[in-house]
Amino acid sequence: MSSETPTGRQLVLGALLVALLVAGALAAPTFAARQTVLGVDRVAVADATTEVTRQNGTAGLAVELTVANPTPHALTLVYGQLVATDDRGRLTRLTTTPFDRATPVPAGGEASVETFLPVGAGDLGAVRAALDAGRLTIGGYMRATVVREPIDVEVSAPMERAGG
Amino acid sequence: MSAPTTRPQWGGRVRALSRAVSVGLPSGVLAGLGAFLLSQPSLTPVAGTTLPLVLVALGGGFVPLLTDRLRRSVAAMLCAYATGIAVHLGAYVAPLWVLSYPPSARDLLLLRFLGEAPTVVFQYTLAFFAAYLLVVTISGYLSA
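Residues numbered from 1 in each chain as written. Chains lettered and ligands numbered in written order. Predicted model: local features only at pLDDT ≥ 70, side-chain atom pairs only at ≥ 80, totals over all residues. Heavy atoms only, no water.

**Student:** Would you mind going over the overall build of chain B with me for this structure?
**Tutor:** Helix and strand counts for chain B come out as six helices and zero strands. If you list the helices and strands of chain B from N to C, you get α-α-α-α-α-α. Scaling as 2.2 N^0.38, a compact globule of 144 residues should have a C-alpha radius of gyration of about 15 Å, whereas chain B reaches 18 Å, well beyond that. By its C-alpha atoms, chain B is 50 × 45 × 20 Å across when sized along the principal axes. Contacts spanning at least 24 positions in sequence make up 75% of the contacts within chain B whose residues lie at least 6 apart. For chain B, the exposed surface amounts to about 7,600 Å²; the carbon and sulfur share of it is 72%. (Helix = DSSP H or I, 4+ residues; strand = E, 2+ residues; numbered from the N terminus. Rg over C-alpha atoms; globule rule 2.2 N^0.38 Å. Contact = heavy atoms within 4.5 Å. Areas by Shrake-Rupley, 256 points an atom, 1.4 Å probe, with all protein chains shown as cover.)

**Student:** When you look at the overall build of chain A in this model, what are you seeing that I'm missing?
**Tutor:** A count of helices and strands for chain A gives two helices and nine strands. The C-alpha radius of gyration computed for chain A amounts to 23 Å, which surpasses the reference 15 Å derived for 164 residues by more than 25%, pointing to a less compact arrangement than a globule. In terms of its C-alpha atoms, chain A occupies a principal-axis envelope of roughly 85 × 25 × 25 Å. Burial analysis of chain A (164 residues in total) assigns 41% to the buried set. Taking as baseline every contact in chain A between residues at least 6 positions apart, the subset at least 24 positions apart corresponds to 63%. (Buried < 20%, exposed > 50% of the residue type's maximum accessible area, 1.4 Å probe, protein only.)

**Student:** When you look at the interface of chain A and chain B in this model, what are you seeing that I'm missing?
**Tutor:** It is common to give the size of an interface as the accessible area lost on bringing the parts into contact. If you look at the interface, chain A gives 28 residues, while chain B gives 37 residues. Of the roughly 2,900 Å² buried between chain A and chain B, counting both surfaces, carbon and sulfur atoms make up 73%. There are zero salt bridges connecting chain A and chain B. Seen at the junction of chain A and chain B, the total is seven residue pairs in polar contact (both at pLDDT 80 or more). For the side of chain A that touches chain B, the leading source of residues is helix H1 (residues 6–38) of chain A, giving 19 residues. (Buried area = accessible area lost by both parts, 1.4 Å probe. Salt bridge = Lys/Arg side-chain N within 4 Å of Asp/Glu carboxyl O. Polar contact = N/O pair within 3.5 Å; in protein donor to acceptor, adjacent residues only side chain to side chain.)

**Student:** What should I look at first to understand helix H5 (residues 103–116) of chain B in this one?
**Tutor:** Given 3.6 residues to a turn, an α-helix orients residues that are three or four positions apart in the same direction. The terminal C-alpha atoms of H5(B) lie 20 Å apart, and with 14 residues this matches the ideal 20 Å at 1.5 Å per residue to within 8%. Restricting attention to buried positions, one finds in H5(B) the residues B:Arg106, B:Leu109 and B:Phe113. Considering only its buried residues, H5(B) is in contact with H1 of chain A together with helix H3 (70–93) and helix H4 (95–98) of chain B. (Expected span 1.5 Å × (residues − 1).)

Now the structure itself:
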């Protein structure tokens, strides 16, 4: 109606093309991010090591978790809700364990986070024994964000000792 | 409606339909992507619902600019409106096939998604028709 001249029509078509490209550029990462949120069960701990250490005067487990993200969008690990167990039960209290910094895990890539689980003095012996026998498991979940959406990455990682 | 006498009419209808689709399809894809972005407020690269609504409005607003008569613009607009909803629904349920769910889980989630997806249709409809009617009104006034 208002584009009766050929140049006017070309301008409108050009503007429509630009708008389509902008919409596509926004929709493609959104589509990928949604696959990450829906397919969060594919995000898993690929490698886990731990050792008994002392941090700020507290004995505990220094845990390093490597998270593999096979989904098509990056996510950011923010904090963990982790607990160490052996085959008889819990060895640490379920604590919120913030990571040193929010750790991005790229799409199709891996990233590691380090965290510390304090162990009560009475449980230290049991933790050491479980670790030496290969019966120690770190479980719980890690809170992550995809763009601005919070998701939980489940953790259930049998432990090897750091450095062997 | 016997075949021999209506043949020329059918040719006209096919032309009219293809004209409506050629304008309605790209505009509808634009509006549909806007509706999909509107339905995922926490996953869009840009926060806020303004940009998705602008994309939906552009989808409606481009239709009268690309057609030369009110009748044709209405046909193209209806095509764009339906295309937009189809694109939105398609993008919304597509992960069920992309992520290769087991069929039983897919059936359950499909029902859930088809229940969730239409929540943006009200906003989509408002933005789409507001822009369409605005452009029709202004261009009608200017051409009179």
